Amino acid sequence: MHSEENKKSLNFIEQIIENDIKEGNVPDTIYTRFPPEPNGYLHLGHSQAIWLNFTLGKQYGGKTNLRFDDTNPSKEEQEYVDAIQRDVKWLGFDWEGEAKFTSDYFQQLYDWAVVLIKKGKAYVDDSTFEEIQEMRGNLTQAGKESPFRNRTVEENLDLFERMKNGEFDEGTKVLRAKIDMASPNMFLRDPILYRIMKVAHHRSGDKWCIYPMYDYAHGQSDAIEGITHSICTLEFENHRPLYNWFLEEIGIEHKPKQREFARLNTNYTIMSKRKLLRLVNEGFVSGWDDPRMPTISGMRRRGYTPEAIKNFCAKAGISKRERIVDIAMLEFCVREHLNATTNRMMAVLDPLKITISNYPADKTEIMIAQNNPSDETAGTREIPFTRELYIERTDFMEEPPKKYFRLKPEGMVRLKNGYIIQCNEVVKDENGEVKELVCSYVENSKSGEDTSGLKVKGTIHWVSATHCKQVEVRQYDRLFADENPGGHDGKDFIEFINPNSLTVLENVLVEPALTNLEVGARVQFMRKGYFCVDKDSTTEKLVFNQTVGLRDSWAKMQKK
């Protein structure tokens, strides 16, 4: 329990739990759950639900279950089950005991449906889905009772058992709750409890051919597991009376409390699993873990850290109202964490050769560089320095503007961890393009030992032409060029895909230390941004994904 003073900083879900504990409305142990449907990969929106449920469980000394809502076998796969468990653990959370499945409770749910039938609270309806939808009415017009609503208990019991035994075709019969067709709450107008689906289940095989709807399975599964607080997103707020109705009518002693919060939405992003699946199936991305995808696996592959994602969830906060959070906040959290934890190394994305004319051709000098200036424990590394080097092409201008402090004809710069050099000659190819710079170095200007007395304002990075390694770099921009790609009536969200969301650089040169990194390792390319070793890397060639830039270049570009 928090003090009254600390309560002011609690979100509204925490306040509800605090009041429940204070008033004795819940058992001693707070029990939450995260109930994903295994029909796709988890995305950024799920990360907040994961963070909230597991944090609440830990915060109040309780427990959190991972339960798969596997009630629709036509869309569910073991691949998704495995991916979801992998993502939750990667975020740093672990669930109570073994992962649970709604399918574990199919028999109990069936038995409770029989209880409802015997109480006259459920009936088998032969109407089609279209007819049922029409009979529901609308917000201003009451629904109409089905002609099958007043079947006898005995007939309903017989038909329901025969549904279970596979005697009827799909779409010919459903089991509906018998509540109130005139209710102002549309979800109480005799909702469907069971439908016939002759599809093999990824866990139970062909044992069942009728499957419960989520609204029916949800609360009862919570009750079976002893969940105290069933935290849902806001679209389930109007489902809460139905959640409670099932618990009351079945007569279950333990009654969880459903509470709702607004789902996490960000700009420039699609959070619909159906739409994300379309991106995958139609080849707009390379897979669920494409680094441009808002999936947890995609963010992991791109180089985002679990700490950054959880920090973003905390900063975004828990709200009762739908809102759009700026994706730049997530990028800030990623940048902030990587700045504190990654080593700085040198990579040249667009190489321009320089030759230091007064440096010995056969000499290799070892420079000592700090791995992370803000972390003394990160240590140092050795960088070979030679007569021929590569710098960024953008670090040289033949006709620079005023206050340009990088390399220019007759100008001086310091090479990071190296010497001060001066550009003496510009060598061009037959097309007039700069292909090489001939420079000279100041011998007594070595970093850490400089006695030259020279003051230069510019410092640039470089790699040794003799010792550098070639790698591939994949630069990512936002997958969608529109701030709200799914919010345009009459337009397909595919229309707003950013054609420049991926740029592949195949001739990037890096210092030797970078070639020792393993898949998933994160690093800062000095002056360029944060990068991560991709799983497509081979022993012959490393592949780096750009995680995030050093600054928010997107915002600057939008202002142009």
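Structure: see above.
Per chain, the residues get numbers from 1 upward, laid out in the order the sequence is written. Under the rules for a predicted model, residues below a pLDDT of 70 receive no local features and side-chain atom pairs below 80 are neither given nor counted, while totals for whole chains, interfaces and linings still include all residues. Side-chain figures throughout are based on the complete set of non-hydrogen atoms in the structure, without hydrogens or water.

Novice: Which residues make up the nonpolar core, and what are the values?
Specialist: By nonpolar core we mean a set of buried residues, namely Ala, Val, Leu, Ile, Met, Phe, Trp, Tyr and Cys, connected to one another through side-chain atoms within 4.5 Å. Exposure classes here rest on a 1.4 Å probe applied to the protein chains alone. A residue is buried below 20% of its type maximum, exposed above 50%, and partly exposed in between. Residues Phe34, Leu44, Ile50, Val88 and Leu330 are the most contacted members of the largest nonpolar core, which totals 48 residues. The secondary structure listing takes helices from DSSP runs of H or I that are at least 4 residues long and strands from runs of E that are at least 2 residues long, numbered from the N terminus. Listing elements by their share of this core, those giving two or more residues are helix H2 (12-22), helix H3 (44-59), strand S2 (63-68), helix H4 (78-90), helix H11 (296-302), helix H12 (306-316) and helix H13 (327-341). Among the elements that make up this core, the one with the highest residue count is H3 (seven residues). For this analysis, residues touch if any pair of their heavy atoms sits within 4.5 Å. If we skip the residues at most four places from it in the chain, phenylalanine 34 touches Leu42, His46, Ala49, Ile50, Phe54, Thr64, Asn65, Leu66, Arg67 and Val88.

Novice: Pulling in residues and values, what's your account of H13?
Specialist: The terminal C-alpha atoms of H13, which comprises 15 residues, lie 22 Å apart, in line with the 21 Å expected from a rise of 1.5 Å per residue. When we look at burial in H13, the residues that qualify are Ile327, Leu330, Glu331, Cys333, Val334, Arg335 and Leu338. Multiplying 1.5 Å by the helix residue count minus one yields the expected span of that helix.

Novice: Residue-level account of the sheet that holds strand S25 (residues 522-525), with values.
Specialist: Two strands are counted as paired when DSSP detects at least two bridges linking them. Spatially, S12-S25-S26-S27-S23-S24-S13 is the arrangement adopted by the seven strands of the open sheet, whose pairing is mixed. Each of the sheet's edge strands pairs with one partner strand only, and the pair in question is strand S12 (344-345) and strand S13 (347-348). As paired elements, strand S23 (residues 469-476) and strand S24 (residues 502-510) share seven bridges and run antiparallel to each other. Note on S24: the bridge partner recorded for glutamine 475 is threonine 503.

Novice: Help me get a handle on the pairing of strand S19 (residues 420-428), residues and values and all.
Specialist: Both strand S18 (residues 412-415) and S19 contribute to a ladder of three bridges, which runs antiparallel. Its bridge partner lying in S19, arginine 414 is registered against isoleucine 420. The turn linking S18 back onto S19 is made up of four residues, and asparagine 417 within it adopts a positive phi angle of 65°. When S19 meets strand S20 (residues 434-441), the two strands line up antiparallel, connected through seven bridges.

Novice: Quick rundown of the packing of aromatic side chains? Include the residues and the values.
Specialist: Here the aromatic set is Phe, Tyr and Trp, taking the six-membered ring for Trp, and pairing holds for ring centres within 6.5 Å; pairs whose planes are under 30 degrees apart are stacked, those over 60 apart are edge-to-face, and all others are tilted. With the rule as written, the count across this model stands at 22 aromatic pairs. Pairing tyrosine 359 with tyrosine 441 gives two aromatic rings, centres 5.1 Å apart and planes at 70°, and the pair type is edge-to-face. Taken together, the positions of tyrosine 359 in the loop between strand S14 (351-356) and strand S15 (365-370) and tyrosine 441 in strand S20 put the pair 82 residues apart, joining distant regions of the chain. Judged by relative accessible area, tyrosine 441 falls into the buried class, the value being 9%. Members of the aromatic cluster, each reached through a chain of ring pairs, are Phe106, Tyr110, Phe160, Tyr194, Trp208, Tyr211, Tyr216, Trp245 and Phe246.

Novice: With reference to specific residues and values, describe the packing of H12 against H13.
Specialist: Whenever a helix is involved, its axis is fitted only over the stretch in contact; in every case the axis is a line through C-alpha atoms, and angles between N-to-C directions fall within 0 to 180 degrees. Between H12 and H13, the shortest axis-to-axis distance is 8 Å and the interhelical angle comes to 135°. One element, H12, and the other, H13, form an angle in the oblique class. Relative to H13, H12 is oriented so that their crossing is right-handed. Along its contact with H12, which presents Glu307, Ala308, Ile309, Asn311, Phe312, Lys315 and Ala316, the element H13 presents Met329, Leu330, Phe332, Cys333, Val334, Glu336 and His337. Reported orientations rely on four angle classes, namely roughly parallel under 35 degrees, roughly antiparallel over 145, roughly perpendicular from 65 to 115, and oblique for the rest. By the definition used in this description, the sense in which the near helix is turned from the far one sets the handedness, with an anticlockwise turn below a right angle giving left-handed and a clockwise turn giving right-handed.

Novice: Lay out the side chain of asparagine 65 in plain terms, naming residues and giving numbers.
Specialist: Tracing the chain through its elements places asparagine 65 in strand S2. Think of a polar contact as two N or O atoms within 3.5 Å of one another; within protein, one of them needs to be a possible hydrogen donor and the other a possible acceptor, and neighboring residues in sequence only count if both atoms come from side chains. Among the polar contacts made by the side chain of asparagine 65, one reaches the side chain of tyrosine 31 at a distance of 3.1 Å.

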